[in-house]
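# Breakdown of the fold
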Amino acid sequence: MYVAVKGGEAAIANAHRLLASERRGDPAVPEISPDQIREQLSLAVDRVMSEGSLYDRDLAALAIKQARGDMIEAIFLVRAFRTTLPRFGYAAPLDTAAMQIRRRISATYKDLPGGQLLGPTFDYTHRLIDPALAGDETAVPAPLRAQIVSTELVPHVTGLLDGEGLIERNAPRADGLPAGDLTREALEFPADRDLRLQCLSRGDEGFLLGMAYSTQRGFGRTHPFAGEIRMGEVEVELFAEEAGFAIPLGEITVTEFETVNQFTGSESAPPQFTRGYGLVFGHCERKAMSMALVDRALRADELGEESGAPAQDQEFVLSHCDNVAATGFVEHLKLPHYVDFQAELGLIRKLRREHTARHVKEAAE
Amino acid sequence: MTDLPAYNFAYLDEQTKRMIRRAILKAIAIPGYQVPFASREMPMPYGWGTGGVQVTAAILGADDVLKVIDQGADDTTNAVSIRSFFAKTAGVATTTKTSEATVIQTRHRIPEQPLTDKQVLVYQVPIPEPLRFLEPRETETRAMHALADYGLMHVKLYEDIAKHGHIATSYDYPVKVDGRYIMDPSPTPKFDNPKMDNCAALQLFGAGREKRIYAIPPYTKVVSLDFEDHPFERNVFTEPCAICGATGVYLDEVLTDDKGGRMYVCSDTDYCETQAAEGPSRPTPTMFLPPQGGGDAGAVRADAIASSVPSPLTREGQDGGGAGDVRGATITTKLNRTRDGAS
């Protein structure tokens, strides 16, 4: 019997009720709180903040809970909230040289001013499942904190190279205009580096990781060295017109990664090390590194390098790195398409009839 | 509105609405041109109507009466979801009656009942660029539009004819607006294309993910691309609707069993209900628009594109296309069944 294709409000409401129950899981197991997520799944929180483009640990933790741990869904929740917030200004550029460093590594020098600081890292752990974590809570030994050497600035490695003129300068925009805002104007191509970096910083970690990896395997090779990775707290300041000076708003955690790339010179640029740059909210090291590699790859045209690899194609990379857009469009295939499918049914039946008729005619001849 | 105190009327803040209205005004001023706009994240996914929702939110007033359809139906899940979104955030009256609505948001269909100059039709658009599948780069397609360089599209249509004997596009069928821009009608079946021409209602198109808005002002010439010797053809159904008996309307094919049983029913649920209520259908005169074509947009004969190529296959007659020939018997047995047991 013909059951009408009716997705009534009752069906939707019931589906959402079921979803809420699945989210909760077995009621015999205590419910997790956003506080627990914020404190114990902090790297998930960091990813949601960075790709959600909103620095709010509590909100990100809540979104992860609501999304049942689906990261892209949580990112989407945060984005949809962020877009409703009023803008009251643009913060002053972050001074990452003044970062309260918790981790800082350079692969280009054995030792350097400010020192190397491993910080909280999975690096050098042996990836062995730890059964102890499954049992009752055990006391975690208090960390040994390095005496903060000084509150002086820890200079960037790239700044040290700049002393010798060996590395390109980070030039401000040639037109002198302030940086654009990806969220307030539609992205147009070719996009300048300010907008490219904004787009990459909120781009999907997995997509950018794959793109970065492709450059290492030969699709647009850019010879990167890990000039420096640093993670820690920086102050955010807003310039207040009335006061005439910048007012501190608070502290955020960021991860910054700068590559030093070999460059033998081209028609338009002298032989000099070049830079790729990554900066993301929270402790998102894999993302910051991927971002910097892709940023450098996207500069191929500007530097007069051979290009054509996927990671060097800004329209390809920037149009497809946003996971909120990507997941929406891929998943919209779940929506009904039966009107268009009907039109295709009609066409394919017609083409098949004609195909058969042609063959019958040919056979007769 | 009490449960959402933090949100503005129709969800978007006024600043955003003004930005969208500016884009809409520009779009109306340049019919068929895709205006970039700073599309926002919406509380529903990209690709699920965010462009249409933003346009609707920007034009909706407190007195408006909103209708939302998806696949021609008011009761498909996403239409239900979008309608309840505006009922909640804007508190506007909603309707399923085409004649009562002042704003109609749609996905994939144009209502069968002719629209009036008191109505606005808002389309949800996934890919606004009609040239996208011929040229993936936005930088290239924008230049092609600027130069009205549409040769590629005509070659594509010609190749269809050379290969299949027809233009093998059954929906998303490109149109030329006001003699200038080639425009994507959103994935409506080509059956609906003639309704866009000289339409009394304002037609607005929103593509949220792709950040584009475009428009067809009222009473604007909209021509489906074709060739003099291969004029545009609508999808034609030979069967009437199994529920209301309407002919000359777009039908959905519904499988009734796994043995080839099927029936054809109106895709436009409101039209179907109205016709069923009014008794045996008399085809509405406007449903039989004169066949479009005459090569206006093409302005060339298909065989002139490559004169060395032998003339394409002879043109098929106005053949059924959609309505096959399999189902005669099953339809009659279903005739008296109504949609969702409403009777």
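Residues numbered from 1 in each chain as written. Chains lettered and ligands numbered in written order. Predicted model: local features only at pLDDT ≥ 70, side-chain atom pairs only at ≥ 80, totals over all residues. Heavy atoms only, no water.

## Some details on helix α4 (residues 57–66) of chain A
An α-helix turns once per 3.6 residues; consequently, residues spaced three or four apart project the same way. Residues and elements named next belong to chain A. Where α4 is concerned, the buried positions are Ala60, Ala61, Ala63, Ile64 and Lys65. Residues of α4 that are buried sit in contact with α1 (9–24), α2 (34–40), α3 (42–52) and α5 (71–82). Capping the start of α4, Asp56 holds a side-chain oxygen 3.2 Å from the backbone nitrogen of Asp58, two or three residues further along. Arg68, located one to two residues past α4, shows a positive phi value of around 60°. (Buried < 20%, exposed > 50% of the residue type's maximum accessible area, 1.4 Å probe, protein only. Helix = DSSP H or I, 4+ residues; strand = E, 2+ residues; numbered from the N terminus. Contact = heavy atoms within 4.5 Å. Polar contact = N/O pair within 3.5 Å; in protein donor to acceptor, adjacent residues only side chain to side chain.)

## Quick word on the packing of helix α8 (residues 205–216) of chain A against helix α9 (residues 285–297) of chain A
All names here are of chain A. Interhelical geometry of α8 versus α9 gives an angle of 55° and a closest axis separation of 8 Å. One element, α8, and the other, α9, form an angle in the oblique class. When the axes of α8 and α9 are compared, the crossing they make is left-handed. Contact with α8, carried on its side by Glu205, Leu208, Leu209, Met211, Ala212, Thr215 and Gln216, involves Arg286, Lys287, Ser290, Leu293, Val294 and Ala297 of α9 and no other residues of that element. In terms of residue class, the contact of α8 with α9 is made up of 7 nonpolar, 3 polar and 3 charged. (Axes fitted to C-alpha atoms, helices over the stretch in contact; angles between N-to-C directions. Parallel < 35°, antiparallel > 145°, perpendicular 65-115°, else oblique. Left-handed = near helix turned anticlockwise from the far one by under 90°. Nonpolar A, V, L, I, M, F, W, Y, C, P; charged D, E, K, R; others polar.)

## A few points about the sheet that holds strand β4 (residues 103–107) of chain B
Residue and element names in this part refer to chain B. Strand order in the open sheet made by the 7 strands is β1-β9-β8-β5-β4-β2-β3, with mixed pairing throughout. Each edge of the open sheet carries a strand with a single partner, namely β1 (35–36) and β3 (93–94). Here β1 runs beside strand β9 (residues 212–216); their pairing, made up of 2 bridges, is antiparallel. From the neighbouring strand, Pro36 faces β9, where its bridge partner is Arg212. Relative to the sheet, helix α2 (residues 50–59) contacts β2 (65–70), β4, β5 (120–124), β8 (202–207) and β9, its axis offset from that of β5 by approximately 150°. (Pairing = 2+ DSSP bridges.)

## Quick word on the sheet that holds strand β4 (residues 274–281) of chain A
Residue and element names in this part refer to chain A. As summarised here, the arrangement of the 4 strands in space is β1-β2-β3-β4, forming an open sheet in which the pairing is antiparallel. Taken across any chain shown, the strands that pair with only one partner, and hence form the sheet edges, are β1 (100–105) and β4. Each strand axis lies, on average, 25° off the axis of its neighbour in the sheet, ignoring direction. Lying over the sheet, α9 contacts β1, β2 (224–240), β3 (245–261) and β4, oriented at roughly 145° with respect to β4.

## Concerning the packing of aromatic side chains
Taken as a whole and judged by the stated rule, the model has 9 aromatic pairs over all chains. Ring plane angle 85° and centroid distance 5.3 Å describe the contact between Tyr55 of chain A and Phe281 of chain A, whose orientation is recorded as edge-to-face. Of this pair, Tyr55 of chain A sits in the loop between α3 and α4 while Phe281 of chain A sits in strand β4, placing them 226 residues apart in sequence. Since its relative accessible area comes to 25%, Tyr55 of chain A is described here as partly exposed. Using a relative accessible area of 24% as the deciding quantity, one classes Phe281 of chain A as partly exposed. With a centroid separation of 5.2 Å and 70° between ring planes, the pair formed by Phe85 of chain B and Phe86 of chain B is classed as edge-to-face. With respect to burial, Phe85 of chain B and Phe86 of chain B carry one shared label: buried. Put simply, the rings of Tyr11, Phe85 and Phe86 of chain B touch in pairs and so form one group of aromatic residues. Across the ring face of Tyr181 of chain B, the terminal group of Arg180 of chain B is positioned such that the distance to the ring centre comes to 4.1 Å. Between the NZ or CZ atom of Arg234 of chain B and the centre of the ring of Phe191 of chain B, over which it lies, the distance is 4.1 Å. (Phe/Tyr/Trp six-rings, centres within 6.5 Å; stacked < 30°, edge-to-face > 60°. Lys NZ or Arg CZ within 6 Å of the ring centre and 35° of its normal.)

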